[in-house]
Amino acid sequence: MIEYALYFAYGCFGLALLFCLYRVVFAPGLADRVLALDTMTVNMIALLTLFGIDHGTTMYFEASLLFAMVGFISTVAYAKFVLRGDIIE
């Protein structure tokens, strides 16, 4: 039963990634693109976690934590660049 739930979740998060990719390419503004990239990061973290559950190993959980940290830092840096025009003061 858990296998069917995992396959359903793979499909949902994969579809969400495609929708976010569409929003990154065809967004009307820069803020929409940044938000879509951040949402793609969250979806990738979910997919990595699901893959770790599916394969029964903890290596993918550590990878998802690293991906979350890098995604957060990149989103904050890009938002700071958009607001101030410079990342490092």
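Residues numbered from 1 in each chain as written. Predicted model: local features only at pLDDT ≥ 70, side-chain atom pairs only at ≥ 80, totals over all residues. Heavy atoms only, no water.

Topologically, arginine 84 is positioned in helix H3 (residues 59-84). Given a relative accessible area of 57%, arginine 84 falls into the exposed group. Sequence spacing of arginine 84 and phenylalanine 26 is 58 residues, and the spatial spacing of their C-alpha atoms is 24 Å. (Helix = DSSP H or I, 4+ residues; strand = E, 2+ residues; numbered from the N terminus. Buried < 20%, exposed > 50% of the residue type's maximum accessible area, 1.4 Å probe, protein only.)

What follows deals with the UniProt feature "transmembrane region" (unreviewed entry) in the chain. The UniProt record marks residues 6-25, 34-53 and 65-83 with the feature "transmembrane region" (unreviewed entry), using the residue numbering of this structure. Between the end C-alpha atoms of residues 6-25 the distance is 29 Å, and the span holds 100% helix and 0% strand. For the annotated span residues 34-53, helix accounts for 100% and strand for 0% of the residues, and the straight-line distance between the end C-alpha atoms is 29 Å. (UniProt positions renumbered as here; feature names shortened; annotations may be inferred.)

Remark: helix H2 (residues 30-55) packs on H3, axes separated minimally by 9 Å, with the N-to-C direction vectors making an angle of 175°. When the axes of H2 and H3 are compared, the pair comes out roughly antiparallel. Between H2, through Leu30, Val34, Asp38, Thr41, Met44, Ile45, Leu48, Thr49, Phe51, Gly52 and Ile53, and H3, the contact on the second element is made entirely by Tyr60, Phe61, Ala63, Ser64, Phe67, Ala68, Gly71, Thr75, Tyr78 and Val82. Of the residues contributing to the contact of H2 with H3, the split by class is 14 nonpolar, six polar and one charged. (Axes fitted to C-alpha atoms, helices over the stretch in contact; angles between N-to-C directions. Parallel < 35°, antiparallel > 145°, perpendicular 65-115°, else oblique. Contact = heavy atoms within 4.5 Å. Nonpolar A, V, L, I, M, F, W, Y, C, P; charged D, E, K, R; others polar.)

Per-residue pLDDT for the chain has a mean of 90; in total, 99% of the residues score no lower than 70. Averaged pLDDT values for the elements of the chain fall to 89 in H3 and rise to 95 in helix H1 (residues 2-26). (pLDDT = per-residue confidence, 0-100.)

Quick look at a nonpolar patch on the surface now. Residues Leu15, Leu18, Phe19, Leu21, Tyr22, Val25 and Phe26 make up a contiguous nonpolar surface patch of roughly 770 Å² in combined accessible area. Note that valine 25 resides in helix H1. (Patch = residues over 30% accessible without salt bridge, like charges linked within 9 Å, V, L, I, M, F, W, Y side chains within 5 Å. Areas by Shrake-Rupley, 256 points an atom, 1.4 Å probe, with all protein chains shown as cover. Salt bridge = Lys/Arg side-chain N within 4 Å of Asp/Glu carboxyl O.)

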